[in-house]
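Read off the chains here:
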Amino acid sequence: MGFTIEAFDNAVHRLRQNGITFPNIEDIVNKIAQFEKEGIEAAPTDVYKENKRLKGMLICRICKINNSNALFLPCAHHVMCFNCAHDVRKCPLCQRDVNDIVRTFMG
Ligand SMILES: [Zn+2]
Ligand SMILES: [Zn+2]
């Protein structure tokens with residue numbers, strides 16, 4: 001399973017606006033499906049800010065070689081490549097347990 005990080009991020013953001021602080025994968029998938037159904041642009045409108053933010057997210061913080069493409073659930077942090085994230089049990093940013101890791105790609 002894979003999503004663009006933009007769509008994923010936006011879905012998490014919307015769910016949090018709806019009071020769901022740590023959405024599960026089904027909530028997020030449903031939200032992305034809803035965006036597509038309603039024809040809502042999944043990427044945020046503030047392109048400059050978004051590009052800047054995405055650039056900071058791009059390189060894995062552990063190996064600093066691969067692009068980061070592993071999104072932790074339920075906290076939705078995105079700081080590592082899939083190789084480095086493989087054995088991670090706790091998110092290094094927020095110390096939450098990692099229940100699921102979703103592979104992302106730049107769309
Ligand atoms: Zn890495
Ligand atoms: Zn986290």
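Procedures and definitions
- Per chain, residues are indexed from 1 in the order of the written sequence.
- Labels follow written order: the first chain is A, the first ligand is 1, and so on.
- Per-residue local features of the predicted model are confined to residues with pLDDT of at least 70, and side-chain atom pairs are confined, for both listing and counting, to 80 or more; whole-chain, interface and lining totals are unaffected and use all residues.
- UniProt positions are given in the numbering used here, feature names are shortened, and annotations may be inferred rather than shown by experiment.
- For the purposes of this entry, the term helix denotes a DSSP run of H or I that reaches at least four residues, the term strand denotes a run of E that reaches at least two, and both are numbered from the N terminus.
- The exposure label follows from counting other C-beta atoms within 10 Å of a residue's C-beta, where the C-beta atoms are placed from the backbone and the thresholds are 20 or more for buried and 12 or fewer for exposed, leaving partly exposed in between.
- A pair of strands is labelled paired if DSSP reports no fewer than 2 bridges between them.
- Per-residue confidence from the predictor is given as pLDDT, running between 0 and 100.

Looking up the chain in an unreviewed UniProt entry gives the name RING-type domain-containing protein, with the organism given as Dreissena polymorpha.

A.B. asks: So, the UniProt feature "domain: RING-type" (unreviewed entry) in the chain: which residues are in play, and what are the values?
C.D. replies: If you check UniProt for "domain: RING-type" (unreviewed entry), the listed places come out as residues 60–95 in our numbering. Secondary structure content for residues 60–95 is 11% helix and 11% strand, while the C-alpha to C-alpha distance between its ends is 17 Å.

A.B. asks: Summarise the pairing of strand β2 (residues 70–73); cite the residues concerned and give the values.
C.D. replies: Side chains A70 and F72 of β2 all project onto a buried face; the interleaved residues L71 and L73 project onto the opposite face, where all are buried too. The pairing of β2 with strand β3 (residues 100–105) spans 4 bridges and is classified as antiparallel. Considered in β3, the bridge of F72 is made with I101.

A.B. asks: Kindly report on the confidence of the model for the chain, identifying the contributing residues and their values.
C.D. replies: Per-residue confidence for the chain gives a mean pLDDT of 84; residues scoring 70 or more make up 80%. Looking over the chain, one finds the lowest element-wise mean pLDDT in helix α3 (residues 47–58), namely 63, and the highest in helix α4 (residues 82–85), namely 95.

A.B. asks: Go over unusual backbone geometry with me, naming the residues and quoting the values.
C.D. replies: The linkage connecting L73 with the following residue, P74, adopts the cis geometry, with an omega of 10°. With respect to the secondary-structure elements, P74 resides in the loop between β2 and α4. At A76, a position not held by glycine, the phi torsion is positive, near 70°. Relative to the assigned elements, A76 resides in the loop between β2 and α4. Take A76: there are 21 C-beta atoms within 10 Å of it, and that puts it in the buried class.

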